[in-house]
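Structure at a glance
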Amino acid sequence: MAKQFKSLHPIKFYRDYLNQNVRPDGRLLSKFRPVIVNTGSIATADGSALVRIGKTTVICGIKAELAQPKAEKPKEGFLICNVDLPPLCSSKFRPGPPSDLAQVTTRFVADLILNSGCIHLRDLCILKEKLVWCLYADLICLDYDGCLIDACLLALLTALKTVKLPSVDYDVAIDKKVVNEDEKKSILIYNTPVSTTYAIFEDKIITDPTAEEEDLSSGLITIVVKEKELCSVHKPGGSPISEEKLYDCIQETIKRADLLNTLINTAISEQTH
Amino acid sequence: MPATVGDFVVPGDVIADLNSLNGVTLTGPGLHSHEEHNCLLVTRAGTLCFKSPNIYWVEGLQKRYYPKKGDLVVGIVTKKAGNIMKVDIGSSELACLPLLAFEGATKKQKPDLQVGDVVYARLLSAHREMESELVCVDSYYKAGKLGPLSSDGFVMTINLNFVNRLLDFNCPLLHTLGKKYVFEVAIGMNGKVWINSHNVNDTLNLMIALLAAEQESIDNVTKVCRQLM
Amino acid sequence: MNVIDDNNLLMRKVNCKLDILSRPDGSVLLSQGDTVVIAGVYGPIEVKTQKMLINKASVETFYRPKSGTPGIGDRLYESIIQNICETSLVSALYPRSSIVVIIQEMQNYGGIISCAVNACCFALLNSGIDMKFLVASASCALDDKGVFHLDPDKLLSDKAKANFVFVFDNIAKRIIASHTSGSFNLAQYEEALELCKKACDAIFDFYKTKMKNEIANKV
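Residues numbered from 1 in each chain as written. Chains lettered and ligands numbered in written order. Predicted model: local features only at pLDDT ≥ 70, side-chain atom pairs only at ≥ 80, totals over all residues.

**Topic: the overall build of chain B**
What chain B contains, in helices and strands, is four helices and 16 strands. When each of the 229 residues of chain B is scored for burial, the buried share is 34%. Long-range contacts, defined as pairs at least 24 residues apart, comprise 60% of the intrachain contacts of chain B with a sequence gap of at least 6. (Helix = DSSP H or I, 4+ residues; strand = E, 2+ residues; numbered from the N terminus. Buried ≥ 20, exposed ≤ 12 C-beta atoms within 10 Å, placed from the backbone. Contact = placed C-beta atoms within 7 Å.)

Written out as structure tokens, the structure is:
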């Protein structure tokens, strides 16, 4: 009976649950889903990570290539992110050019990495004006169940932390590059931005929504925090909310950030052992 | 701060303490019920108007025609399939006009209308969930003034707010023009106006007069009229 | 349009011209300082069968950059503006139709999102489509010294430590959208929010006076 009720009146179904302060999946309103982080999932990549938030699964692989820097920024390398939402991850997406959501997420994640200063592009320089590293970070969503930005950011940061770049000897005179695969070094990550997404449903705020909850909700808020500092408060439209509620969300995100940081560090230390 | 009658209101404003008759308040365009009791929410920018005893509306800009039951409109036939014609009345979708909805039309004897012809019709039904339906007869199956309009005439589109002004009984424009020219005019609530007179020159002059008057405020229309005389 | 009598807490001059295009149902040219956009609204118009919604109007937004085709950065603006339009319109009144909003960037000298959102709201007001509330947007920048600049131009926002864009409604001044870049702490965020909220009051007044003149001339 519940199934029929749900498909006929999805909003009412959901509202009835929320009035009891519980969600259809058994979580409380402010409860997060379990997060799993695995590193070094792709052996052929220079850095990789797999992240699961509930059912949402995002895998990130980073491939490093040598490139020539841009003339206007001779000392800076490149970090190129790309979020891919293949038809496999949800029936919402069709094969073909990247969907709007994929493009918006790509842009948001790329902006965030740049804004937070978690990685300095100058560190990727090998020789000024001649040779720099170009990191291609491909994020592929394997299972889409809400909080895409959170999963993408977590996967990207973890993967960046596992990147090991070989040392390169470059002879300018004869344009000869020698890559020493034996001497591998990690890149410096200065801080770890992590995000949490909230959904607005009528006058309630739901933490860590699933895809179903995101569709039913009237707006999303994504808050990104790095080391006690805010990095982004992103609310792309949707229902208006009061400041107090927004500040509550921010406080909660700051609390959760510590947990996620520990998780990333544990995952990385487990891989090295 | 609740708005009062005569104020300029914008979407989001709230009108409290409504006048009602037997607990009923009638609302016109730009007003919708508010969560709170006895309150209205403004959804369009304009001047708040009130007519005794219980009618409220917002007098504002309207650009796109939105079909309303009973409106008289001028439409252009754009498609013809079987016994049904599709007519462009300037709203979000084409309205349908059955060929049998003309005076004296039978299955064998239907009016000869082609794509591109102009009709003056009344909206029989206009529901937002459904295609609107036009008829060219009144409830006694008489055509009255409705029906196909001569292709000698000229159709122009004017502002919806100007239509209301033109149809105002006190508006001097059409009376004044009538003193100088002999002409026929069909003004549709959808902003389409059909004009016909004895010669093309007069028709064009009338059209220019209407276009000039469209830009003017109510007071200036009289002035425009004088200039034309 | 002076908001607060402090030089860096002053908004750039806002100017607008309504009904500049003849084809769209509502159109506006809005300038905030040297940033200029044109917004046009068509609606409600015929909808493509694929995008038809039976319970409400489908809202489509297009953001056109000054030159070239829209890139992924423009898609982000587009999605923000679309979300804002969807919440502010009473789309349930226009089922099986579509409302199309086109924003054309003319000149970008900082604060383009704010300018686009304000222009979009103006164009919707001008088109006479029913709206639940008005929206107004303001941006501010936080420089290295911790000083706030309201409505920064491109030079200021490029140098700034953090940039904030807020969108408020005119009923209870609640937050509809928030978009930030750079890093900052909670106290700074709160201050930026308050600052922009005050600036938005002035924009709401501006909407009202402009529309009042416009309607007085037309009706």
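**Here's the deal with the overall build of chain C**
Counting secondary structure elements, chain C contains four helices and nine strands. Start at the N end of chain C and walk to the C end: the helices and strands fall as β-β-β-β-α-β-α-β-β-α-β-β-α. In terms of C-alpha radius of gyration, chain C reaches 17 Å, essentially the compact-globule figure of 17 Å for 219 residues. Each of the three principal axes of chain C carries a C-alpha extent, and together these read 55 × 40 × 35 Å. For chain C, the residues scored as buried account for 54% of the 219 residues in total. For chain C, restricting intrachain contacts to residue pairs at least 6 apart in sequence, the fraction spanning at least 24 positions comes to 66%. (Rg over C-alpha atoms; globule rule 2.2 N^0.38 Å.)

**Focus on the UniProt feature "domain: K Homology" (unreviewed entry) in chain B**
Feature annotation in UniProt assigns "domain: K Homology" (unreviewed entry) to the following positions: residues 153–200 of chain B. The distance separating the terminal C-alpha atoms of residues 153–200 of chain B is 9 Å; by composition the span is 35% helix and 31% strand. (UniProt positions renumbered as here; feature names shortened; annotations may be inferred.)

**Topic: the nonpolar core**
Membership of the largest hydrophobic core comes to 154 residues, with the highest contact counts inside it found for A:Ala155, A:Leu156, C:Ala116 and C:Cys120. The element best represented in this core is helix 2 (residues 112–127) of chain C, accounting for 12 residues. B:Val118, B:Cys136, B:Leu146 and B:Ile195 belong to the second largest nonpolar core, which has 37 residues in total. (Core = buried A, V, L, I, M, F, W, Y, C linked by C-beta atoms within 7 Å.)

**Here we look at the arrangement of the chains**
Inter-chain contacts occur across two pairs of chains; the most extensive set of contacts lies between chains A and C. At no point do chain A and chain B touch; the closest pair of C-alpha atoms across them sits 13 Å apart.

**Describing the domain arrangement of chain B**
Considered domain by domain, chain B is made up of domain 1 (8–60), domain 2 (72–149) and domain 3 (154–228). Centre-to-centre separation of domain 1 of chain B and domain 3 of chain B, based on C-alpha positions: 32 Å. (Domains from an automatic or database assignment.)

**Section: the interface of chain A and chain C**
The partner chain C presents 26 residues to the 27 residues of chain A that form the contact. Listed by contribution, the elements that provide at least two residues to the side of chain A that touches chain C are helix 3 (100–116), strand 12 (229–234) and helix 6 (243–272) of chain A. Looking at the side of chain A that touches chain C, the element that brings in the most residues is helix 3 of chain A, giving nine residues.

**Quick word on the interface of chain B and chain C**
Taken residue by residue, the interface counts 22 residues in chain B and 30 residues in chain C. Secondary-structure elements contributing two or more residues to the side of chain B that touches chain C are strand 6 (46–51) and strand 7 (55–60) of chain B. Taken together, the residues that form the side of chain B that touches chain C break down as five nonpolar, 10 polar and seven charged. (Nonpolar A, V, L, I, M, F, W, Y, C, P; charged D, E, K, R; others polar.)

**Points about the packing of helix 1 (residues 72–88) of chain C against helix 2 of chain C**
Residue and element names in this part refer to chain C. Orientation of helix 1 relative to helix 2, taken along the N-to-C sense of each, is 35°, at an axis distance of 11 Å. In the packing of helix 1 onto helix 2, the handedness of the crossing is right-handed. Here Tyr77, Ile80, Ile81, Ile84 and Cys85 of helix 1 come into contact with helix 2, specifically with Ile113, Ala116, Val117 and Cys120. (Axes fitted to C-alpha atoms, helices over the stretch in contact; angles between N-to-C directions. Left-handed = near helix turned anticlockwise from the far one by under 90°.)

**Here we look at the UniProt feature "domain: Exoribonuclease phosphorolytic" (unreviewed entry) in chain C**
In the numbering adopted here, UniProt assigns the feature "domain: Exoribonuclease phosphorolytic" (unreviewed entry) to residues 11–129 of chain C. A helix fraction of 28% and a strand fraction of 34% characterise residues 11–129 of chain C, whose end C-alpha atoms lie 29 Å from each other.

**What to know about the sheet that holds strand 9 (residues 175–182) of chain C**
Within a sheet, each strand pairs with its neighbour through backbone hydrogen bonds, oriented either parallel or antiparallel. All names here are of chain C. Taken in spatial order, the four strands of this open sheet run 7-6-8-9, and their pairing is antiparallel. Each edge of the open sheet is held by one strand with a lone partner, namely strand 7 (148–150) and strand 9. Across the sheet, the axes of successive neighbouring strands diverge by a mean angle of 20°, strand direction being ignored. When strand 6 (residues 135–142) meets strand 8 (residues 162–169), the two strands line up antiparallel, connected through eight bridges. Residue Ala136 lies in a different strand from strand 8, and its bridge partner there is Phe168. On the sheet, helix 2 packs against strand 6, strand 8 and strand 9 and is oriented at approximately 170° with respect to strand 6. Sheet contacts for helix 4 (residues 186–218): strand 6, strand 7 and strand 8; angle to strand 6, the most-contacted strand, approximately 140°. (Pairing = 2+ DSSP bridges.)

**Some remarks on unusual backbone geometry**
With an omega of 5°, the peptide bond between B:Ser52 and B:Pro53 qualifies as cis. Relative to the helices and strands, B:Pro53 is located in the loop between strand 6 and strand 7. Even without being glycine, A:Glu202 reaches a positive phi, approximately 50°. The topology assignment puts A:Glu202 in the loop between strand 9 (194–201) and strand 10 (204–207).

**Comments concerning helix 4 (residues 148–162) of chain A**
An α-helix turns once every 3.6 residues. As a result, residues three or four positions apart point the same way. Taking 1.5 Å per residue, 15 residues should reach 21 Å; helix 4 of chain A reaches 21 Å between its end C-alpha atoms and fits that length. Among the 15 residues in helix 4 of chain A, 15 count as buried, and that is most of the element. (Expected span 1.5 Å × (residues − 1).)

**Quick look at the environment of B:Lys179**
Residues and elements named next belong to chain B. If you trace the backbone, Lys179 turns up in helix 2 (residues 173–180). Judged by C-beta crowding, with 9 C-beta atoms within 10 Å, Lys179 ranks as exposed. Separated by 144 residues in the primary sequence, Lys179 and Glu35 place their C-alpha atoms 53 Å from one another.

**Side note on the environment of C:Thr87**
One can find C:Thr87 in helix 1. The class for C:Thr87 is buried, based on 23 C-beta atoms found within 10 Å. C-alpha separation for the pair C:Thr87 and C:Lys132, spaced 45 residues apart in sequence, amounts to 8.0 Å. Aside from chain neighbours lying at most four places away, what touches C:Thr87 is A:Gly237, A:Gly238, A:Ser239 and C:Ile176.

**With respect to the sheet that holds strand 15 (residues 183–187) of chain B**
All names here are of chain B. Spatial strand order, 14-16-15: three strands in an open sheet with antiparallel pairing. Two strands lie at the open edges of the sheet, namely strand 14 (154–157) and strand 15, each paired on one side alone. Pairs of neighbouring strands in the sheet enclose a mean axial angle of 20°, with direction left out of account.

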